[in-house]
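# Results of the structural survey
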Amino acid sequence: MSHFRYSTLLLFFMPHLFATTLTFNDALLQFIAHNYDLQIARQEVEKSKSDLTIAERHPNPILSGSYDYFNVQHHFKDVSSSATALATFHVDYPIELGNKRTRRIESANANIAYTNFLMNETQRQQLFTFTDAYYKVSGDEIDLKNAIDNHHDFENIITIAKAKYDHGFLSEIDLDKIQLQLIDYDQEIEEAKTALASDKESLVFLLALKSDDLYLSPLGDTEPLTYSMDELIVYAQKHRADCLAAQENIKAANATVELEKANAIPDLTIGMETENYAPTYDGLLIGINFSIPIPVYDKNQGAIQKSRITALQSLTQESKTINQTALEVRQSFFYYKSQESIYQSMLHGYKSAKYLKEKQDKVFALKAISILELLDAQKNYREYQKKMIHAFINLHIAAVHLKLTAALELNQ
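## Description of the confidence of the model for the chain
Predicted confidence across the chain gives a mean pLDDT of 87, with 89% of residues reaching 70 or more. Highest mean pLDDT in the chain belongs to helix H8 (residues 229-239) (96); lowest belongs to helix H1 (residues 2-12) (45). Per-residue pLDDT stays below 50 along residues 1-17; that stretch engages in 26 contacts with residues further than four places along the chain or on separate chains.

Okay, here's the thing in structure tokens:
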């Protein structure tokens, strides 16, 4: 019954028969297109474009009117030329001086470009989260498959042990020792199933999918990066989104300085009005006026000073970003190299443990062998198998993290 149960479970986890299979590139495209955080970031870019619409608008004219000294008894029917009723219509039109509109447009365009780079940086940061989630599920799927395979192999050991016991070649105590180990194999399967279900939920949420009925394509070996560390640093400093955003932020800050300088120049308001007096209201009088604030006290010095300090901060931020990029690339490069070495070591240990396990299995099937040696070989094999898979997944993650840190395309 146990053999049938886990054989059925193994069949259930064959993705090509029962579920959608995602490659890394498929999942990457799904993530970029539908992830909630990335959708919000793209909407932020669209929102910044409204500033350009605002900047392009001219000031609106102002229309005002009045009727003074209205005699309610006459109802607009004044008969005396000495009546004091007066009807007035007035139009004011503000004229922006100092090239303010052009400066606003330049500032808005710079901010839109800056927001675009921030969106790209948000995507780069979110890809770290996606990568970790994707490869964690990949590792869980491998762990579950290995747990099922190991359980099946150990059932064969139990079958051999029972046959040897029936023929008097194995003691009852040794048989019990072997059968007792099956509990560990059962536990490994349940733990692997739980981890896979939990991690898959996280990945499905990141991908904005409605169903968690998906499986990931089997992982191949990572292709070694041919770039040197210095080459990666130079490339990252020229192409990484946060570096480009820091450079664009300088342009945006300088545009704001110029805008504030333009705002220091007062605007001119030109007005025209008509006046009509009772009783006929047909003697049209036209008046022209203008007004302009005199910048005696407030010359916008505070806003100009603040914008200049912001521009200095943007220069400092760029220097920090460039140096921090170099630091992160170095750290990521060292980690990737260490994971390469660890994986090779774990792979060698796994192959040795597997050889020893298979050899002990054959010896146990053909002749007497210490049960402790047999079980120790089984345990050692499973431990190295887990370590090798863990190192394999870590190497994939380290490779993708290095690409993201160095601003390389993930298919490079």
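Now, onward.
## A closer look at the environment of Leu402
Inspection of the secondary structure assignment puts Leu402 in helix H11 (residues 371-405). Residue Leu402 is classed as buried on the basis of its relative accessible area, which comes to 0%. Separated by 69 residues in sequence, Leu402 and Phe333 place their C-alpha atoms 6.3 Å apart. In this structure Leu402 touches Leu225, Leu232, Val329, Ser332, Phe333 and Tyr336, once residues within four positions along its chain are discounted.

## Let's talk about helix H4 (residues 36-56)
Between its terminal C-alpha atoms H4 stretches 32 Å, which fits the 30 Å expected from 21 residues at 1.5 Å a residue. Taken residue by residue, H4 has Leu38, Ala41, Val45, Ser48, Leu52 and Ala55 as its buried positions. Angularly, the buried residues of H4 cover 70° about the axis, an arc narrow enough to put them on a single face. Counted as exposed and oriented over 90 degrees from the buried face of H4: Gln43 and Ile54. Against the buried residues of H4 lie helix H3 (24-34) and helix H5 (100-166). With a side-chain oxygen lying 3.1 Å from the backbone nitrogen of Asp37, the N-terminal cap of H4 falls on Asn35.

## A look at the side chain of Asp140
Tracing the sequence through the fold places Asp140 in helix H5. For the buried Asp140, no salt bridge exists, and the shortest N-O distance to an oppositely charged side chain is 5.3 Å, to Lys136. Setting aside its immediate chain neighbours within four residues, Asp140 contacts Ala195, Leu196 and Asp199.

Rules used in this analysis
Residues numbered from 1 in each chain as written. Predicted model: local features only at pLDDT ≥ 70, side-chain atom pairs only at ≥ 80, totals over all residues. Heavy atoms only, no water. pLDDT = per-residue confidence, 0-100. Helix = DSSP H or I, 4+ residues; strand = E, 2+ residues; numbered from the N terminus. Contact = heavy atoms within 4.5 Å. Buried < 20%, exposed > 50% of the residue type's maximum accessible area, 1.4 Å probe, protein only. Expected span 1.5 Å × (residues − 1). Arc of directions from axis to C-beta. Polar contact = N/O pair within 3.5 Å; in protein donor to acceptor, adjacent residues only side chain to side chain. Lys, Arg positive; Asp, Glu negative; His and termini not counted. Salt bridge = Lys/Arg side-chain N within 4 Å of Asp/Glu carboxyl O.

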